[in-house]
Amino acid sequence: MMLAEQLLHALAREGAHQIFGIPGDFALPFFKVIEESGILPLRTLSHEPGVGFAADAAGRYQGGLGVAAITYGAGAFNIVNPVAGAYAEKSPLVVISGAPGRRESASGLSLHHQARTLGSQFAVFREITCDQAQLDDPLRAPADIARVLASCKRESRPVYIELPRDMVTVPCAEVPPLAPESDDLPSLSACVDETLERLAAASSPVMLVGVEVRRFGLEKELGELAKKLGIPVVTTMMGRGLMVDTDTPPFGTYLGLAGDPALGEMVEHSDGLFMLGVILSDTNFGVSARAIDFRRAILAADGAVSMGYHTYAGVKLRAYVAALLARVADKADVKPMARPEPVVFSRGLVADDTALTPGAIAAGINDLVARHGKFPLACDIGDCLFTAFDIEQTTLVAPGYYATMGFGVPAGLGLQEASGQRPIILVGDGAFQMTGWELGNCARYGWDPIVVVLNNCSWEMLRTFQPESKFNDLDDWHFADAASSLGGVGMRVHTQRELAEALEAAAVQRGKFVLIEAMLARGALSPTLERFVKGVRRLTQPQP
Ligand code: TPW
Ligand code: MG
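This part is about the site of ligand 1. Near ligand 1 you find 16 residues, and of these Ala403, Asp429, Gly430, Ser458 and Met461 are the closest. In the model, an oxygen atom of ligand 1 is placed 2.7 Å from a nitrogen or oxygen of the Gly430 main chain. A distance of 2.9 Å separates an oxygen atom of ligand 1 from a polar backbone atom of Glu460. Against a free-state accessible area of 590 Å², the protein chains account for coverage of 79% of ligand 1. A total of four residues in the shell around ligand 1 trace back to one element, the largest contributor, which is helix H18 (residues 429-435). For the shell around ligand 1, the residue count by class is seven nonpolar, six polar and three charged.

And the structure:
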């Protein structure tokens, strides 16, 4: 079998379900094999950032592997930002770049798409991926592929594979099975003992879950663990959408001053904060009303568990959770914890001529969900992300930490491809200007997302920080008018009545994307962004 086929079989075996890509001459031979072998379906998009975001979202959703295939230089450098985001947010993304063949590389000529040296690209990707391989030797390739895919899954971070175009069809042996993860058993057992002691001693433990829980496929297990321990579950901002389909759905999302006050209090006053797969980022903890004392908390993330002043190194989340579950099984003396009131979401959008606000959009979507069931959500950065916290918890992909614009639309396409479910995409006008065009690819693949563009003709989030700058004013692009030429349906709405009607029309219109351009006044912020801005001001302004 040829090298490219072995690579594709290994990807499929390790949890990839499709490849997003854009070819180029250095990648054409590989794309030919992708298409003709049929091992994994190929979904081409229009711009490499879209490819990266869609593949990232598919990997995030599936908890398997997202795959992005691009060409050397121009294609690869275009995908740097999404790969950096996947690194920061721990998304298992495999980047496969075409490259010049060995003879061309040795010709002494500068090759097209070459930046500085032929190795510049490899050096750039070394910085933003957790493992790399150059498949320039068919004898070494199987072991290199196995190592890189194992790293991707173990660390849940992107990896980089460079495939010279003359290596695609060379004969190559099968990629060996990935080595099983080794767990340091003595320390695991001590770690589990101490965890359970600390939780038992706490009077108000809270389980706070973050992105690694989905990446390592542990939502069901943690639901079970929470039930057995009788501990309430809350997600971080980035973990929003986790565990919604378990028996113990989270009570809500911890957003500090920007979120539900009762929930914030519960997390900040907990004497047994049990954090699983949580990234200690400013977006997760930056606007706390009261500094969380992390030394009194337990943090399991990044392949280690820390509590108090010490760390159990080499304790992987999956092994840790499994060991906890096994140990708690024979502990019948856990007392059920008092549970906070669930967060109430606004519903019942009044269909009248009131001008739209982000809060009304959330209410309209909650009504839609009540009538038609849940939709997975893909979100961009901007007030659309804060609006998502006023929508009932559902699967969510969003750049909650790295905060790159342009994620929402292509991520929504990746989410539909991976989940088979129709998503709702929430995106601001500024972000839509970046990657909204990718909707033109929906028709080809039968994707039909409902896209709500929050159009305030503004980089509004930036305006909240610096109101005096006129450069935050954007023009009115009338996005709904472009929908039909991209193969979809567009509706521009100004009032609550028009929004309610448009959402209902979108729900019954299947087979085409529906773009609802929701016109908002500048300064009309979501309740969560309003609280967030106040919270940031409170924390950054000197106290009198
Ligand atoms: C790739 C910086 C963060 S939020 C924002 C900018 C420019 C404005 C977003 O405008 P939009 O949404 O989409 O209309 P809204 O609700 O604020 O009006 N470049 C990239 N990523 C980021 N985060 C920025 C710039 C930014
Ligand atoms: Mg805007």
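What follows concerns a nonpolar patch on the surface. Taken together, the side chains of Trp459, Leu462, Phe465 and Phe471 define a hydrophobic patch exposed on the protein surface, amounting to about 420 Å² of accessible area. Examined against the element boundaries, Phe465 turns out to sit in helix H20 (residues 460-465).

Bound to the magnesium ion (ligand 2) are the protein donor atoms Asp429 (OD), Asn456 (OD1) and Ser458 (O), situated 2.0 to 2.1 Å from the metal. Counting along the primary sequence, the residues that act as donors to the magnesium ion (ligand 2) give the motif D-x26-N-x1-S. Here the residue Asp429 occupies a position in helix H18, and Asn456 occupies one in the loop between strand S16 (450-455) and H20, the gap between them amounting to 27 residues. A residue is classified by how much of its surface remains accessible, and Asn456, at 9% relative accessible area, is buried.

Bringing the sheet that holds strand S7 (residues 205-209) into the picture now. In space, the six strands of this open sheet follow the order S8-S7-S9-S10-S11-S12, with mixed pairing throughout. Since the sheet does not close on itself, it has two edges, and those belong to strand S8 (233-235) and strand S12 (310-313), each with one partner. Across this sheet, the average inter-strand angle for adjacent strands is 15°, counted without regard to direction. Examined bridge by bridge, strand S10 (residues 298-301) and strand S11 (residues 304-307) share four bridges and lie antiparallel to one another. The residue of S11 that forms the bridge with Ala301 is Ala304. On the sheet, helix H9 (residues 185-201) packs against S7, strand S9 (272-276), S10, S11 and S12 and is oriented at approximately 140° with respect to S12. Packing against the sheet, helix H14 (residues 317-328) makes contact with S9, S10 and S11, and its axis sits at approximately 130° to S9.

To continue, consider the environment of Glu48. Mapped onto the elements, Glu48 comes out in helix H3 (residues 48-62). Residue classification places Glu48 among the buried residues on the basis of a relative accessible area of 8%. In this structure, Glu48 is in contact with Ile22, Ile70, Gly75, Asn78 and Ile79, ignoring residues within four places of it in sequence.

Put simply, H9 and H14 touch, their axes get as near as 10 Å, and they point 60° apart. Taken together, the axis directions place H9 and H14 in an arrangement best described as oblique. Helix-helix and strand crossings are classified by hand; for H9 and H14 the assignment is right-handed. The residues of H14 that touch H9, namely those facing Leu188, Ser189, Cys191, Val192, Asp193, Thr195 and Leu196, are Ala319, Tyr320, Ala323, Leu324, Arg327 and Val328.

This next bit is on helix H17 (residues 408-419). Over its 12 residues, H17 runs 16 Å from end to end, which matches the ideal 16 Å to within 8%, given 1.5 Å per residue. When you tally the buried positions in H17, you get 12 out of 12 residues, the bulk of the element. Along H17, the positions that sit buried rather than exposed are Gly408, Val409, Pro410, Ala411, Gly412, Leu413, Gly414, Leu415, Gln416, Glu417, Ala418 and Ser419. Of the residues one or two after H17, Gly420 is the one with positive phi, at around 70°.

This brings us to the state of the cysteines. Applying the stated criterion to the full structure yields zero disulfides. The structure places no disulfide on Cys384, whose sulfur is separated from the nearest cysteine sulfur, that of Cys379, by 4.7 Å.

Here we come to the packing of aromatic side chains. Per the stated rule, a full pass over the model turns up 12 aromatic pairs. Between the aromatic rings of Phe432 and Phe479, the centroid separation amounts to 5.0 Å while the plane-to-plane angle is 70°, which identifies the pairing as edge-to-face. Within this pair, whereas Phe432 is found in helix H18, its partner Phe479 is found in helix H21 (residues 479-483), the two being separated by 47 residues in sequence. Exposure remark for Phe432: the relative accessible area of 7% places this residue in the buried category. Every member of this aromatic cluster is reached through a ring pair, and the members are Phe122, Phe125 and Tyr160. In this structure, Arg157 is placed above the aromatic ring of Tyr87, and the distance from its NZ or CZ to the ring centre is 4.4 Å.

About the thresholds
- Residue numbers run consecutively from 1 along every chain, following the written order of its sequence.
- To read the labels, note that chains go from A and ligands from 1, taken in the order they are written.
- Totals for whole chains, interfaces and linings use every residue, but because this is a predicted model, local features are given only for residues with pLDDT of at least 70 and side-chain atom pairs only at 80 or more, for both listing and counting.
- No hydrogens and no water enter the side-chain calculation; it runs on all heavy atoms of the structure.
- Throughout, near means a residue has at least one heavy atom within 4 Å of the molecule or strand.
- Between N or O atoms, a polar contact is any pair within 3.5 Å; within protein, one atom must be a potential hydrogen donor and the other a potential acceptor, and residues adjacent in sequence are included only when both atoms are from side chains.
- Surface accessibility in these figures is a Shrake-Rupley result with a 1.4 Å probe; residues are shielded only by whichever protein chains are displayed.
- Per the convention used, a helix needs a DSSP run of H or I reaching at least four residues, while a strand needs a run of E reaching at least two, with both numbered from the N terminus.
- Amino acids are sorted into nonpolar (Ala, Val, Leu, Ile, Met, Phe, Trp, Tyr, Cys and Pro), charged (Asp, Glu, Lys and Arg) and polar (every other residue, Gly among them).
- Only residues whose relative accessible area exceeds 30% and that take part in no salt bridge are eligible for patches, with like-charged residues grouped when within 9 Å of each other and nonpolar side chains (Val, Leu, Ile, Met, Phe, Trp, Tyr) grouped when within 5 Å.
- What counts as a salt bridge is simple: a side-chain nitrogen of Lys or Arg found within 4 Å of a carboxyl oxygen of Asp or Glu.
- Each metal's donors comprise the N, O and S atoms found within 2.8 Å of it (within 3.2 Å for Na, K or Ca). Water is not part of the atom list, so some coordination spheres may appear incomplete.
- A simple rule labels every residue: compare its accessible area, found with a 1.4 Å probe on the protein chains alone, to the largest value its type can have, and call it buried under 20%, exposed over 50%, or partly exposed in between.
- Think of it this way: DSSP has to see at least two bridges between two strands before they count as a pair.
- As a rule, the C-alpha atoms of each element are fitted with a line to give its axis, helices using only the stretch in contact, and angles between N-to-C directions run from 0 to 180 degrees.
- We call two residues in contact when some of their heavy atoms are within 4.5 Å.
- With respect to orientation, any angle under 35 degrees is reported as roughly parallel, any angle over 145 as roughly antiparallel, any angle of 65 to 115 as roughly perpendicular, and every other angle as oblique.
- Here is the rule for handedness: rotate from the far helix to the near one, and if that takes an anticlockwise turn smaller than a right angle the crossing is left-handed, while a clockwise turn gives right-handed.
- Each residue after the first adds 1.5 Å to the expected span of a helix.
- In this description, the term disulfide denotes a pair of cysteine sulfurs within 2.5 Å.
- Here a pair means two rings of Phe, Tyr or Trp (six-membered ring of Trp) with centres within 6.5 Å. Their orientation is stacked below 30 degrees between planes, edge-to-face above 60, and tilted elsewhere.
- Two conditions define a charge located above a ring, namely a distance within 6 Å from the ring centre to NZ of Lys or CZ of Arg, and an angle within 35 degrees of the ring normal.

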